[in-house]
Amino acid sequence: MSHRKIVLAARPRGMPRLSDFELVTSPLAPPGPGECLVRGIYLSLDPYMRGRMDDRKSYAESVRLGQVLVGQVAGRVVVSSHPSLQPGDPVVGDLGWQDQAVAPAESLTRVDPGRESLSTTLGILGMTGLTAYFGLLHVCQPQAGETVVISGAAGAVGSTVGQIARIMGCRVVGVTGSQAKARTLREQMGFDEAVVWGSQPEDPDRLASACPDGIDVYFDNLGGSVTDAVVALLNLKARVAVCGQSSQYNLDRPAQGPRWLRNLIIKRAKVQGFLVWDFVAEHAQALRQLQDWLGAGKLRNREHVVEGIENAPGAFIEMLEGRHLGKYLVKLSPE
């Protein structure tokens, strides 16, 4: 028995290149006691993976050269040596960029997407939805009528944050990278405004025009110049959730920006970084709420799916370049 996997061939410098990845076919030992063989169906591609390719110290261990890249996979059990899982069971686990994997049964989570595709367990009914849910509702605690601004708003997390904010009765402004994405946010995702962000000097003024009453809540996926402009517009007692800093991930050195901590004193604003694992005890309840909203049509799910493990590196680069809307997935095998 063999499997195909993508390993890290070289540490990226700046934006990753295809040569930084290698497709390898290697033998796969059968599962031992307490283990399962899982056939991967969907691989999740997420911005955090870029940080794991560096050798800098972070909240998680870096991927070693020659090691399979990290990532969540949704699949089905093929062989099980543990009574808690049976062949055919749908599961999610941190199996990495590979089309089959052997893993301890205790590291796998049996999932039930209901009438939805198994792909949703990696997106809106998985870590993506949970990240949006806890970052907005627990960290920022938005109130009806407040203005919520989201950077990277057309991505998987950002578009979900915006929709939840609308459910909460907030006015929602998304910051995104193109007019096409801005139209999608307004026309399909229910955003009140969408600001296209570039390098022009007038960008901060456009953001101010979209937020005439200031900003009460900021969900930050990008960092950089967007965040600099947002902080200048924060209202008294504003809340900021720092989810990601994807504008900085491909830089060898962090970009220098305005020193805006003084503004936090003036506005008595709260800035909090978070990880979805901070709220693991409440995941089940949050997933039930997300599933209810999705079933009732209050949330819309958008996915971008690429076929084949061999195409994962190119898809990952496209994701970092922002050439997609919604959740980016690689389909590894038929569902």
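Please refer to the structure higher up on the page.
Residues numbered from 1 in each chain as written. Predicted model: local features only at pLDDT ≥ 70, side-chain atom pairs only at ≥ 80, totals over all residues. Heavy atoms only, no water.

Peer 1: For the sheet that holds strand β9 (residues 171–176), give the residues involved together with the corresponding values.
Peer 2: Here we have six strands laid out as an open sheet, ordered β10-β9-β8-β11-β12-β13, and parallel in their pairing. Two strands bound the open sheet, and with one partner strand each, they are β10 (193–196) and β13 (270–273). The average undirected angle you get between the axes of adjacent strands in this sheet is 15°. As paired elements, strand β11 (residues 215–220) and strand β12 (residues 234–242) share five bridges and run parallel to each other. Opposite valine 217, over in β12, you have arginine 239 as the bridge partner. Each of β8 (147–151), β11, β12 and β13 touches helix α2 (residues 127–140); the most contacted strand, β11, lies at about 145° to it. Across the sheet, helix α4 (residues 179–187) touches β9 and β10, and the angle it forms with β10 is around 170°. (Pairing = 2+ DSSP bridges. Helix = DSSP H or I, 4+ residues; strand = E, 2+ residues; numbered from the N terminus. Axes fitted to C-alpha atoms, helices over the stretch in contact; angles between N-to-C directions. Contact = heavy atoms within 4.5 Å.)

Peer 1: So what's going on with the packing of α2 against helix α3 (residues 156–167)? Residues and values would help.
Peer 2: Closest axis-to-axis distance for the α2/α3 pair is 8 Å, and the angle between their directions is 50°. By the criterion of interaxial angle, the relationship of α2 to α3 is oblique. Where α2 crosses over α3, the handedness of that crossing is right-handed. In contact with Thr128, Gly129, Thr131, Ala132, Tyr133, Leu136 and Leu137 of α2, α3 contributes Ala156, Val157, Thr160, Val161, Ile164 and Ala165. Its residues assigned to classes, the contact of α2 with α3 shows nine nonpolar, four polar and no charged. (Parallel < 35°, antiparallel > 145°, perpendicular 65-115°, else oblique. Left-handed = near helix turned anticlockwise from the far one by under 90°. Nonpolar A, V, L, I, M, F, W, Y, C, P; charged D, E, K, R; others polar.)

Peer 1: Which residues make up the environment of valine 305, and what values go with them?
Peer 2: Take valine 305: it is sitting in strand β14 (residues 303–307). On the accessibility criterion, valine 305 (37% relative accessible area) is partly exposed. Between the C-alpha atoms of valine 305 and arginine 64, which are 241 residues apart in sequence, the distance is 27 Å. Sequence-distant contacts of valine 305, that is, excluding residues within four places in its chain, are made with Tyr42, Leu329 and Lys331. (Buried < 20%, exposed > 50% of the residue type's maximum accessible area, 1.4 Å probe, protein only.)

Peer 1: Can you break down the layout of surface pockets residue by residue, with the values?
Peer 2: Estimates place the volume of the second largest pocket at around 460 Å³. Along the wall of the second largest pocket there are 22 residues; nearest its centre are Thr109, Val111, Leu125, Met127 and Leu287. Looking at the lining of the second largest pocket, the elements that each hand over two or more residues are β5 (90–93), α2 and α8 (283–295). The greatest single-element share of the lining of the second largest pocket, amounting to four residues, is contributed by α8. (1 Å grid on protein atoms, 1.4 Å probe; cavity = no way out; pocket = protein on both sides within 12 Å on 5 of 7 lines; lining within 4 Å. Points joined across faces, edges and corners; volume = space filled by probe spheres on them.)

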